[in-house]
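Summary of structural features
So the chains spell out like this:
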Amino acid sequence: AGRLRVAAWREPGRRGHAGHSLAAMVAEGDSSDLPPPPAGGRAIVLTSGTTGAPKGAGRSQPPSLDPAATLLSRIPLRAREPTMIAAPLFHMWGFGQFMLGTSLASTVVLRRRFDPEATLSLTARHACTALVVVPVMLQRILDLGDEVVRGYDLRRLRVVAASGSAIPRAVAARWMDVVGENLYDLYGSTEVAWATIATPDDLRAAPGTVGRPPRGTTVRIYDEAGLAVAPGRSGRVFVGNEMQFDGYTGGGGRETIDGLVGMGDVGHFDADGRLFIDGRDDDMIVSGGENVFPGEVEDLLAGHEAIAEVAVFGVEDAEFGERLAAVVVRRPGADLDADAVRRYVRRNLAGYKVPRDVEFAAELPRTATGKVLKRTLREG
């Protein structure tokens, strides 16, 4: 349509433009200075779309460098060191880390598509000190087996930063056992960037935590009436910082209280100020008068030796109003049936948290950023 198109690479076997190397593009490009733009830039990033169609979230440039300083105050990233970004760049997490890497003059290592062993290989080959992932990538790498993972020289790897969804407790513990004490978990959203950061010490001392709010970020827990709750009590999570979005491109925004943006999650703080996420506020079910968050059951089952992946969600029930259902992916060669799944939950949790429906699948449906599409499972 008359628009300039530049192909910087070409995949083998694909038809179309011959493509140019990045070095050739730089050599042939115009090196003259450009006039400064009249206004600061804005970014529009799509939300994950786990509960519906993705929405465009607009964000202006932060007014200062405080957000970068905030992240670096909790995660020991350093300038001019190689970083492997496995997280997709169209997701706010991967995009944000790419921009931060540019600011730190880092050498950024990228791959067109995620492959667990290729990611390890590139991280070792380039002596990367940081690896940026979404949590499901940790699971895929660990599924290679301890011998394979330990076969790569990852001694320079000081930071493994994960965000985008919850990290199962068993995955976090095994990663640190196998790879090292280098795992950092960032809880946040497209609308607010990060809310809390869990360091390796946090993940060891309080398994399941998403950490503490970093400098410049406020996290509060409110009840349904919009009143702040005491530490230890569960309520709705609201966050405020310099990285809050400007609103959705289609209009509207998220619920706010006292200038803080609602995350859509229910959580609580422990006595040491660490945040725990109990579940999505729209995922909670009421079964026979009892409130149940599927995430607690998922986290338990994720630690079962025969289970590779699991999704737990609510379905309608004529007698109890709602009941839990589970879709389980077995590990290769595992001998596990539905009754064994129910017995395992019953031994560790209250009886009303036992999934009555247990099905098995070869894999779980996921978004491009690795989040499980529970609405697809409910409809399936």
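Each chain has its residues counted from 1, following the order in which its sequence is written. Side-chain atom pairs in this predicted model are given and counted only at pLDDT of 80 or more, local residue features only at pLDDT of at least 70, and totals for whole chains, interfaces and linings cover all residues. With hydrogens and water excluded, all non-hydrogen atoms of the structure serve as input to the side-chain values.

1. Observations concerning unusual backbone geometry
With phi around 60°, Arg80 is a residue other than glycine that occupies positive phi space. With respect to the helices and strands, the residue Arg80 is situated in the loop between α2 (66-74) and β3 (83-85). The phi angle at Ala127 is positive, at roughly 50°, despite the residue not being glycine. Segments assigned H or I by DSSP are reported as helices when at least four residues long, segments assigned E as strands when at least two residues long, and all are numbered from the N terminus. In this structure, Ala127 sits in the loop between α4 (116-125) and β5 (130-133). According to the relative accessible area criterion, Ala127 is partly exposed, its value standing at 25%. Only protein chains enter the accessibility calculation, which uses a 1.4 Å probe; a residue is then buried when its area is under 20% of its type maximum, exposed when over 50%, and partly exposed in between.

2. Section: the pattern of salt bridges
Definition used for salt bridges: Asp or Glu carboxyl oxygen within 4 Å of a side-chain nitrogen of Lys or Arg. On inspection of all chains with the given rule, the structure shows 24 salt bridges. Between Arg331 and Asp143 there is a salt bridge whose closest N-O contact spans 3.2 Å. With a gap of 188 residues between them, Arg331 in the loop between β18 (321-330) and α10 (338-348) and Asp143 in the loop between α5 (135-142) and α6 (146-150) connect regions that are remote in the sequence. When its relative accessible area of 25% is taken as the criterion, Arg331 is described as partly exposed. We note a salt bridge from Arg356 to Asp317, for which the minimum N-O separation is 2.5 Å. Note that Arg356 is positioned in the loop between α10 and β19 (357-360) and Asp317 in strand β17 (residues 307-317), a separation of 39 residues in sequence. On the basis of relative accessible area, Asp317 is assigned to the buried category, the value being 11%. Connected through shared salt-bridge partners, Arg74, Asp202, Arg212, Asp272 and Arg274 make up one network.

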